[in-house]
Amino acid sequence: AVGYKNPALSGAGVVFKFCKYLDELNWTECADDYWDLAATGIIADMCDLSEQSPENRYICYMGIHNQKNAAISKINGAFGFDAKAVSFGIAPLVNAACRTNNNEKAMKLFLSDDSKEISSLIKDLKKCKEEQNKIVASQMDSLIEQGEQQLNQKCMYFFIDADGEIAGLMGNKLLEKYQRPLFVLRQVGDNYCGSMRAIGVENFAQMVNDTGAGQCM
């Protein structure tokens with residue numbers, strides 16, 4: 001909501017707070033089973049966990065100390081559940097599923113209580129990650145070639161020919177290399193969609209929206 005005191009709360013946190021509100025209305029404690037999922041979403045979205053966002057810190061603290069989800073346990077294995085486990089273990093698998101249009105498998109993973117199904121879905125998500133990496137590798141030579149032709153530009157444009165929501169990952173790699181505002185786009189019908197990244201720009205999204213040439217969601 002506009003004016004909410006924690007603007008750094010992610011979508012996972014918002015859903016969790018709504019579940020807590022439903023508990024209040026119904027005199028239940030169902031949401032307490034999902035602290036770990038809320039924490040995973042907040043950490044995976046790289047939301048602010050500093051002292052400026054005590055609500056985020058509290059949710060993550062409660063999640064890490066109340067780990068119940070079977071899929072989180074299976075992914076982590078012998079490793080503990082903490083921010084590192086989310087950032088380098090759980091989040092990359094979920095992101096790969098989303099980028100290869102396999103969101104439903106990621107959803108099923110965290111809803112399942114069946115150990116065999118969870119193991120099978122984790123294998124599927126690892127295959128998604130492999131597919132994602134192959135797509136990125138197949139596009140990078142062309143993107144670097146495009147980039148080398150724009151070294152004198154303040155803002156760079158890259159065009160990809162790949163299915164899935166892979167533009168954001170490519171944008172991260174290109175931003176690291178070229179250190180300037182850039183777009184990674186693919187053609188969809190008569191329009192272009194994709195992702196953008198920037199460094200040294202206070203609000204790149206607002207700047208793009210103000211031009212009227214594009215819309216940042």
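What you are looking at is a predicted structure, and each value in this text was computed from that prediction instead of being measured. (Residues numbered from 1 in each chain as written. Predicted model: local features only at pLDDT ≥ 70, side-chain atom pairs only at ≥ 80, totals over all residues. Heavy atoms only, no water.)

K.L.:
Explain a nonpolar patch on the surface to me, using residue names and the numbers behind them.
P.N.:
Together, Phe 18, Tyr 21, Leu 22 and Leu 25 line one region of the surface with nonpolar side chains, adding up to about 410 Å² of accessible area. Residue classification places Tyr 21 among the partly exposed positions, given a relative accessible area of 45%. (Patch = residues over 30% accessible without salt bridge, like charges linked within 9 Å, V, L, I, M, F, W, Y side chains within 5 Å. Areas by Shrake-Rupley, 256 points an atom, 1.4 Å probe, with all protein chains shown as cover. Salt bridge = Lys/Arg side-chain N within 4 Å of Asp/Glu carboxyl O. Buried < 20%, exposed > 50% of the residue type's maximum accessible area, 1.4 Å probe, protein only.)

K.L.:
Any details on the environment of Gln 153? Residues and values, ideally.
P.N.:
Structurally, the position occupied by Gln 153 is in the loop between α7 (115-148) and β1 (156-159). Exposure remark for Gln 153: the relative accessible area of 37% places this residue in the partly exposed category. In this structure, the C-alpha to C-alpha distance between Gln 153 and Arg 180, residues 27 residues apart in sequence, is 9.0 Å. Engagement of the side chain of Gln 153 in a polar contact is seen with the side chain of Asn 152, the distance being 3.3 Å. (Helix = DSSP H or I, 4+ residues; strand = E, 2+ residues; numbered from the N terminus. Polar contact = N/O pair within 3.5 Å; in protein donor to acceptor, adjacent residues only side chain to side chain.)

K.L.:
So, the state of the cysteines: which residues are in play, and what are the values?
P.N.:
A full pass over the atoms with the stated rule returns 0 disulfides. Residue Cys 47 stays outside any disulfide, its sulfur separated by 8.2 Å from that of Cys 60, the closest cysteine. Classification of Cys 47 as buried rests on a relative accessible area of 17%. (Disulfide = S-S within 2.5 Å.)

K.L.:
Help me get a handle on the sheet that holds strand β2 (residues 182-188), residues and values and all.
P.N.:
Overall, mixed pairing links the 3 strands, which are arranged β1-β2-β3 in an open sheet. If you trace the sheet from one side to the other, it starts and ends with β1 and β3 (191-197), each paired once. When strand polarity is set aside, the average angle formed by the axes of neighbouring strands in this sheet is 30°. Sheet strands touched by helix α9 (residues 204-211): β2 and β3. Its angle to β3, the strand with the most contacts, is close to 150°. (Pairing = 2+ DSSP bridges. Axes fitted to C-alpha atoms, helices over the stretch in contact; angles between N-to-C directions. Contact = heavy atoms within 4.5 Å.)

K.L.:
Go over the packing of aromatic side chains with me, naming the residues and quoting the values.
P.N.:
Within the structure shown, the criterion is met by 5 aromatic pairs. Ring geometry for Phe 16 versus Trp 35: centroids 4.5 Å apart, planes at 55°, classification tilted. Of this pair, Phe 16 sits in helix α1 (residues 11-26) while Trp 35 sits in helix α2 (residues 35-44), placing them 19 residues apart in sequence. You'll find Phe 16 and Trp 35 in the same group, each marked buried. When the ring of Tyr 157 is compared with that of Phe 183, the centres are 5.1 Å apart and the planes differ by 5°; the resulting orientation is stacked. Of this pair, Tyr 157 sits in strand β1 while Phe 183 sits in strand β2, and the two are 26 residues apart along the sequence. Look at Tyr 157 and you get partly exposed, because its relative accessible area is 39%. Residue class for Phe 183 comes out buried when judged on its relative accessible area of 13%. Put simply, the rings of Phe 16, Trp 35 and Tyr 58 touch in pairs and so form one group of aromatic residues. (Phe/Tyr/Trp six-rings, centres within 6.5 Å; stacked < 30°, edge-to-face > 60°.)

K.L.:
Go over the pattern of salt bridges, please, and point to the residues and values.
P.N.:
Inspection of every chain in the model, using the stated rule, returns 5 salt bridges. We note a salt bridge from Glu 55 to Lys 17, for which the minimum N-O separation is 2.4 Å. Here the residue Glu 55 occupies a position in helix α3 (residues 54-64), and Lys 17 occupies one in helix α1, the gap between them amounting to 38 residues. For Lys 17, a relative accessible area of 31% gives the class partly exposed. Across the pair Lys 20 and Asp 32 runs a salt bridge whose closest N-O atoms are separated by 2.9 Å. A residue pair is termed long-range when its members are at least 10 positions apart, and Lys 20 in helix α1 and Asp 32 in the loop between α1 and α2 qualify at 12 residues. Looking at Asp 32, the relative accessible area reads 22%, which means it is partly exposed.

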